[in-house]
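Observations on the model geometry
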Amino acid sequence: MRKNNIIRLIIFGIVLMLFGCSEDLFDDISQKNKRDYKIKEVSISELSLNQGFTKAYSKISKSNFEIQISTTNKTQIENDYGFTIIDEPAKVIEYDNKTSYSLLIKTDSTQTNEIKNLVIEVDSLNESTNFIITYKLDESSENHINTNEQIVIEEIAFDPNTNISSRYNSDCMDVIVIYCSDASKYCGGADTQHGCYRRTTTICSASGASDFGASENVLTSPVDINHGHGGGGESLEESLITPCDDLTSKDSNAEFSTKMTELKTKASNQNFESAFTMYQNASLGLLFSNEQVGNPNDLYTGGQVELNINNDILSTPYNSVGFIHCHLDNGSTFGVFSFSDILGFSQLAGYSTRPVVEFGLYVTSASGTFAIKIKNKIAFKNYFNVMNGTQSHFETEFAKHVKKTDDVNKQKKGFLKFLKENNLENMLDLYEKDTITNIWEKLTLNTNGTQIVEEPCN
Amino acid sequence: MKKLFIYLFLLCSSIIYAQYPVITTTSLSNPSQEDQHTNSGNYAMDTENERQQFVGLWRYTTSDVLFEVKILKLDKLFSSTTPPSGFERKYSYMDGVVLTYKLVKNGVVLHDNLSTIFTNTNYHSWGYIEAPDDFLYGRIKDFTGSVTSVFTITNLNTIPNRILFDMSNMAYSLDNPRHTYIPSNNLFSIPTGGIEMIRIY
């Protein structure tokens, strides 16, 4: 039975794995993303020369003497615990005066859809905590981890005096695991193209006694760290790449930037809309569809652009992540998004299996450049059928809130109000790019709905 | 039979009002209240009877087109969307107008619903006027094209009285799945881009 005296323990378990991960050793991605943690990749042979690591590693030895790991021969510890360390770069993560080492391991029982890590965390007092974390990949969902049950954590400690329960006098603890993913493989945080996620799970000793031995561990119900509303499995995720990170990252993508500039020009000199669909490919990064256009001369389609999703080798509904498109400067369209835009975005979210932080819907015109980021993908995609089936009701509501005849500031306020009054504000966030600083700002309404609050990214 | 419909309508209306009570009221003529018109439970009222100037039958004619729009006031238009599971339904009321039209092209009547009666819970072509605007803003359904689009109607205050009816050919939504539309067929049958219409009554 879970008790209330939960101790927060942070573990950084980054899975190192497979081919295609960054080959740059000591590639510190925190410098790129300005995060509050650092991740390095270190080869096993170099790690074996790291005293901080070897001391911590030796503590889990049942032989209780210092051992250096080897890339050629199995160490005593490997024999003791029945795993083999794979000669792939380890992830070294520094955070909050702690350092953790994540090593890819294999056991005889490792399944093909599993990845196992030996994770050793050393705190500022040189106390170490050791885990074996097994990630059970969801093949039906492009190897994503969708539920906490897919992360199995076992504490290993030969000396009972060093395990968590004895040190913290608690039967249960929350374990925060950080991992990074893409659709086809798991590699540690060095890959900035893909989402990194934080998941919190609670592990308890089965008996409530002070023994977290591997055979006695129980993985309890996941802890919702977001306290979100109706988010299902994804509300348990706290993406370490924030929506702001993703918006900024896409801005730094040359093709994205060029296309957005191109769209802004088209907004001023076309009488029809243009759009591109975005896809996130595991190895090629961000991809774009061919330009899609509305055609005012073909009165069947009209001037609005249809937001299409490709289905070819590299670009599929499953790896689609959003649309960029233009509205028109001549006042014939909305300065902000239309409800049809939201509907198309919801449909895309229903198809795609990409991490939620990657999704983005962009519109640009002389009125400004705006983006919608998804807060709760499950709720948003589940809402598609309702929105699509009763579109006229939503359009009526939209027309009551957003008038294309209004100036853009009034449209922004109306749009935010529309999200609020139609239960979409828990699913979506609106951002605007500052025309002077080029910094994205999250737009929200103040409590009485009379003013727009701008929250700049960074 | 007609009485039966009226009774049914009154019954439905009373059920809706009982279920979705008016909690607050605002005036559409008061610009300082514009942020509150669509608050859930609010009834935005046309306290200054601004809609009256648009009420009537309006006509546009060319050599091959006859287009008539009838505008009627309808109080307390109810609007709401189905909430996601577990969420509370939000709703609001607004005094507005409803539109019906007759469209004849080359002697062929494409659509005529001038005699259709809308209720405040069942309407599809509608508009409203709120300060500081001096025009109607709303959406009208083009039955032939199966498309509903934003319109504005501005009273030109001329003698004889004319309005500028401007149906957008860009801010629209398709009423049917896109694949059901026939390429090369006109999406809109109602004239778009702004036409002057003269008051008939």
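Cut-offs and rules
- Residues numbered from 1 in each chain as written.
- Chains lettered and ligands numbered in written order.
- Predicted model: local features only at pLDDT ≥ 70, side-chain atom pairs only at ≥ 80, totals over all residues.
- Heavy atoms only, no water.
- Contact = heavy atoms within 4.5 Å.
- Buried area = accessible area lost by both parts, 1.4 Å probe.
- Salt bridge = Lys/Arg side-chain N within 4 Å of Asp/Glu carboxyl O.
- Helix = DSSP H or I, 4+ residues; strand = E, 2+ residues; numbered from the N terminus.
- Nonpolar A, V, L, I, M, F, W, Y, C, P; charged D, E, K, R; others polar.
- Buried < 20%, exposed > 50% of the residue type's maximum accessible area, 1.4 Å probe, protein only.
- Polar contact = N/O pair within 3.5 Å; in protein donor to acceptor, adjacent residues only side chain to side chain.
- Core = buried A, V, L, I, M, F, W, Y, C linked by side-chain atoms within 4.5 Å.
- Disulfide = S-S within 2.5 Å.
- Phe/Tyr/Trp six-rings, centres within 6.5 Å; stacked < 30°, edge-to-face > 60°.
- Lys NZ or Arg CZ within 6 Å of the ring centre and 35° of its normal.

Notes on the interface of chain B and chain A
- Taken together, the contact between chain B and chain A spans 43 residues of the former and 44 residues of the latter.
- Interface of chain B and chain A: buried area, both sides summed, is about 3700 Å²; carbon and sulfur atoms make up 52% of it.
- On the chain B side of the contact with chain A, T81(B), M170(B) and R178(B) bury the most area, a combined 20% of that side's loss.
- The residue D35(B) makes a salt bridge to K413(A) at a minimum N-O spacing of 3.1 Å.
- Where the side of chain B that touches chain A is concerned, the elements lending two or more residues are strand 4 (65–80), strand 5 (91–105), strand 7 (126–128), strand 8 (135–142), strand 9 (147–155) and strand 10 (162–174) of chain B.
- If you tally residues by element for the side of chain B that touches chain A, the top one is strand 10 of chain B, at six residues.
- When the residues that make up the side of chain B that touches chain A are grouped by side-chain class, the tally is 19 nonpolar, 16 polar and eight charged.

A word on the side chain of K266(A)
All names here are of chain A.
- Checked against the element boundaries, K266 lands in helix 7 (residues 254–269).
- Here K266 falls in the buried class, since its relative accessible area comes to 16%.
- Among the polar contacts made by the side chain of K266, one reaches the side chain of E291 at a distance of 3.2 Å.

Here's the deal with the nonpolar core
- One finds I342(A), I372(A), F380(A), M387(A), F415(A), L424(A) and L428(A) to be the most contacted residues of the largest nonpolar core, which totals 54 residues.
- Ranked by residue count, the leading element in this core is helix 8 (residues 339–351) of chain A, at six residues.
- The residues touching L424(A), leaving out its near neighbours within four places in the chain, are F380(A), Y383(A), M387(A), F418(A) and L419(A).
- Core analysis: the second largest hydrophobic core is formed by 28 residues, F54(B), I71(B), L103(B) and I163(B) among them.

A word on unusual backbone geometry
Residues and elements named next belong to chain B.
- With omega at 10°, the peptide bond leading from A131 into P132 counts as cis.
- Positionally, P132 belongs in the loop between strand 7 and strand 8.
- The omega angle of the peptide bond from I159 to P160 is -5°, so this bond is cis rather than trans.
- For P160, the location among the structural elements is in the loop between strand 9 and strand 10.
- Phi is positive for K76, which is not a glycine, with a value near 60°.
- Within the chain, N157 stands out as a residue other than glycine whose phi angle is a positive 50°.
- Along the chain, N157 falls in the loop between strand 9 and strand 10.
- The class of N157 is exposed, set by a relative accessible area of 60%.

Description of the pattern of salt bridges
- As enumerated under the stated definition, the model contains 19 salt bridges over all chains in all.
- Among the salt bridges present, the one from K403(A) reaches D133(B), with a minimum N-O distance of 2.4 Å. One end of the pair, K403(A), is in the loop between helix 11 (391–401) and helix 12 (408–421); the other, D133(B), is in the loop between strand 7 and strand 8, on a second chain. The same class applies to K403(A) and to D133(B), which are both buried.
- Note that K412(A) and E432(A) form a salt bridge whose closest N and O atoms lie 2.7 Å from each other. In this pair, K412(A) is assigned in helix 12 and E432(A) in strand 19 (residues 428–433), connecting sequence segments 20 residues apart.

Structural notes on the state of the cysteines
Residues and elements named next belong to chain A.
- Using the criterion set out here, one finds one disulfide over all chains in the structure.
- Here C244 connects covalently by a disulfide to C457, the sulfurs 2.0 Å from one another. With the S-S dihedral at roughly -75°, the linkage between C244 and C457 falls on the left-handed side. With a gap of 213 residues between them, C244 in helix 6 (residues 243–251) and C457 in the segment after strand 21 (452–456) connect regions that are remote in the sequence. There is no split in this pair, since C244 and C457 are both buried.

A look at the environment of S124(A)
- Along the chain, S124(A) turns up in the loop between strand 6 (114–122) and strand 7 (128–136).
- A residue is classified by how much of its surface remains accessible, and S124(A), at 56% relative accessible area, is exposed.

Notes on the packing of aromatic side chains
- This structure, assessed with the given rule, holds 26 aromatic pairs over all chains.
- Note on F339(A) and F418(A): the rings are 6.0 Å apart at their centroids and 80° apart in plane angle, and the pair reads as edge-to-face. Pair noted here: F339(A) is in helix 8 and F418(A) is in helix 12, with a separation of 79 residues, a long-range link. With respect to class, F339(A) is no different from F418(A); both count as buried.
- When the ring of Y91(B) is compared with that of Y93(B), the centres are 6.0 Å apart and the planes differ by 75°; the resulting orientation is edge-to-face. Taken individually, Y91(B) and Y93(B) each receive the classification buried, so the pair is uniform in this respect.
- Through successive ring pairs, a cluster of aromatic residues spans F334(A), F337(A), F339(A), Y383(A), F394(A), F398(A), F415(A) and F418(A).
- For K76(B), the ring lying beneath its charged end belongs to Y93(B), and the centroid distance is 5.1 Å.

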